[in-house]
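Observations on the model geometry
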Amino acid sequence: MNVDPWALCEVLAEPADARGAVLLHFLDGFMDAGQAGRGVVDHLFKTCEHTPVASFDVDQLIDYRSRRPNLTFSIDRWSDFEAPQLVVYLMRDASDKPFLLMTGPEPDFAWERFVDSVEDLVEHWHVPLTLGFQGIPMGVPHTRPLGMTVHATRPELVFDNRPVFNEVTVPGNAAGLLEYRLGESGRDAIGLSVHVPHYVMQMTYPAATIRLLEGIREATGLDLPSDEDLEVERAQVDSDIAEQVAESDEVADVVKTLEEQYDSFAEAAEADEMLQDGRMPTADELGEAFEHFLAERQRGEDDK
């Protein structure tokens, strides 16, 4: 049965600036460790002018019983309903360059129809690049630079990437399916997944949001507004974490172990030529390189 994808989406406005603009997207509901992706969206709404240009019919996409949007009761009547919205906004960066942002709840239903609708918008507005972003939990310390996994529909679009995974299967998600289908259609799409220390994944972690913003700038050339408020928040969160680590020997030991593992892997990666030429190693090659590094370090200690 053929279903018109436009039945899911309504174009609200046709500004000329939308044509040829990059499309950023973030969908609530799958994974976003440290609220990294949500932080990017909040920052963009706070610092960029924005106008709705397209809207999706959430009645066809959302399971209300699994999310239950809020109803407000006032004395003797229902006074408000926070209806979920999945909207595409036209925004402008600090240099007045237009870009698009699609955000809202991840669809519970009709993923393929949703993807078809987004692809129709991409074609309709001649979008040259689609980019999604999120935070993922990793066994890394907060005291080291945050890594980021960059994936794309063409190898040429992948930048500044040290592969962490050779191959991994994860639960399906609408944003991942969108990138996959765009690749099948021969369209350019990028995904950014910042590595958030697993022990802070449930809290708001501004450092991860800042890292994503840096990645978006590099991938798209957008002049996104400054991160001054985020830097203040990052400093406060880092201070709070440092206090908690100082107050618990157990937590301090966990962080120290993660630091040692991180530094060992980083040193092994720097020393191994197969990582320098950009080729993704197999799991056996990675293990062999790490063992070689540990053996060399042990030999050095024995010689002291």
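To keep things clear, this report deals only with the structure shown in the data block. All values derive from a computational prediction rather than experimental measurement.

Conventions used here
Residues numbered from 1 in each chain as written. Predicted model: local features only at pLDDT ≥ 70, side-chain atom pairs only at ≥ 80, totals over all residues. Heavy atoms only, no water. Helix = DSSP H or I, 4+ residues; strand = E, 2+ residues; numbered from the N terminus. Buried < 20%, exposed > 50% of the residue type's maximum accessible area, 1.4 Å probe, protein only. Areas by Shrake-Rupley, 256 points an atom, 1.4 Å probe, with all protein chains shown as cover. Pairing = 2+ DSSP bridges. Axes fitted to C-alpha atoms, helices over the stretch in contact; angles between N-to-C directions. Contact = heavy atoms within 4.5 Å. Parallel < 35°, antiparallel > 145°, perpendicular 65-115°, else oblique. Left-handed = near helix turned anticlockwise from the far one by under 90°. Nonpolar A, V, L, I, M, F, W, Y, C, P; charged D, E, K, R; others polar. Patch = residues over 30% accessible without salt bridge, like charges linked within 9 Å, V, L, I, M, F, W, Y side chains within 5 Å. Salt bridge = Lys/Arg side-chain N within 4 Å of Asp/Glu carboxyl O. Core = buried A, V, L, I, M, F, W, Y, C linked by side-chain atoms within 4.5 Å. Phe/Tyr/Trp six-rings, centres within 6.5 Å; stacked < 30°, edge-to-face > 60°.

Examining the overall build of the chain
Across its full length, the chain holds nine helices and 10 strands. Counting across all 304 residues of the chain, residues that qualify as buried make up 41%. When the accessible area of the chain is evaluated, it comes to approximately 16600 Å², of which 49% is carbon and sulfur surface.

Re the sheet that holds strand β9 (residues 148–152)
In space, the eight strands of this open sheet follow the order β1-β3-β6-β7-β2-β8-β10-β9, with mixed pairing throughout. If you trace the sheet from one side to the other, it starts and ends with β1 (9–11) and β9, each paired once. Across the sheet, the mean angle from the axis of one strand to that of its neighbour is 25 degrees, orientation sign disregarded. Here strand β2 (residues 23–28) pairs with strand β8 (residues 130–138) via three bridges, running parallel. Pairing of His25 across the sheet is with Gly132, part of β8. Strand contacts of helix α5 (residues 206–220): β2, β8, β9 and β10 (189–197), with the helix running at about 155 degrees to β10, the strand carrying the most contacts.

Some remarks on the packing of helix α1 (residues 36–47) against α5
Running from N to C, α1 and α5 cross one another at 70 degrees; their axes reach a closest spacing of 8 Å. Relative to α5, the element α1 lies roughly perpendicular. α1 and α5 meet at a crossing whose hand is right-handed. The residues of α5 that touch α1, namely those facing Ala36, Gly37, Gly39, Val40 and His43, are Ala208, Thr209, Leu212, Leu213 and Ile216. When grouped by side-chain class, the residues that make up the contact of α1 with α5 number six nonpolar, four polar and no charged.

What about unusual backbone geometry?
If you check the backbone angles, Arg68 has positive phi at about 45 degrees while not being a glycine. Among the structural elements, Arg68 can be located in the loop between α2 (64–67) and β4 (71–74). Given the relative accessible area of 56%, Arg68 is considered exposed.

Here's the deal with a nonpolar patch on the surface
A surface patch of nonpolar side chains, amounting to about 480 Å² of accessible area, comprises Leu71, Phe73, Trp78 and Phe81. Looking at the nonpolar patch, the elements that each hand over two or more residues are β4 and β5 (77–81). For Trp78, the location among the structural elements is in strand β5.

A closer look at the nonpolar core
In terms of nonpolar packing, the biggest core is built from 42 residues, with Leu24, Leu44, Phe133, Leu192 and Tyr205 touching the most fellow members. Broken down by element, the residue count for this core peaks at seven residues, all from α5. For Leu24, the contacting residues outside a window of four places in its chain are Leu44, Phe99, Leu100, Leu101, Met102, Leu131, Phe133, Ile216, Thr220 and Leu222. Formed by 29 residues, the second largest nonpolar core is a distinct cluster that contains Leu23, Val115, Trp125 and Ala174.

Observations concerning the packing of aromatic side chains
Under the definition given, this model contains four aromatic pairs. Note on Phe26 and Phe133: the rings are 5.9 Å apart at their centroids and 10 degrees apart in plane angle, and the pair reads as stacked. Taken together, the residues span a long stretch of sequence, with Phe26 in strand β2 and Phe133 in strand β8 at a distance of 107 residues. Both residues of the pair, Phe26 and Phe133, count as buried.

A few points about the pairing of strand β3 (residues 50–56)
Relative to β3, β1 is paired through three bridges, and the arrangement is antiparallel. What sits directly across from Val11, in β3, is Ala54. Here five bridges tie β3 to strand β6 (residues 87–92), and the two strands are oriented antiparallel to one another. Among the inter-strand pairings, His50 is bridged to a residue of β6, identified as Met91.

So, the pattern of salt bridges
Where side chains of opposite charge bring their charged atoms close, a pairing between them can arise. Counted according to the given criterion, the structure contains 17 salt bridges. The partner of Asp96 in a salt bridge is Arg92, and the shortest N-O contact between them spans 3.7 Å. Given a relative accessible area of 19%, Arg92 falls into the buried group. Between Arg144 and Glu259 there is a salt bridge; the shortest N-O distance is 3.8 Å. Highlighted residues: Arg144 in the loop between β8 and β9 and Glu259 in helix α7 (residues 249–271), separated in sequence by 115 residues.

These results come straight from atomic positions and should not be treated as a statement about function.
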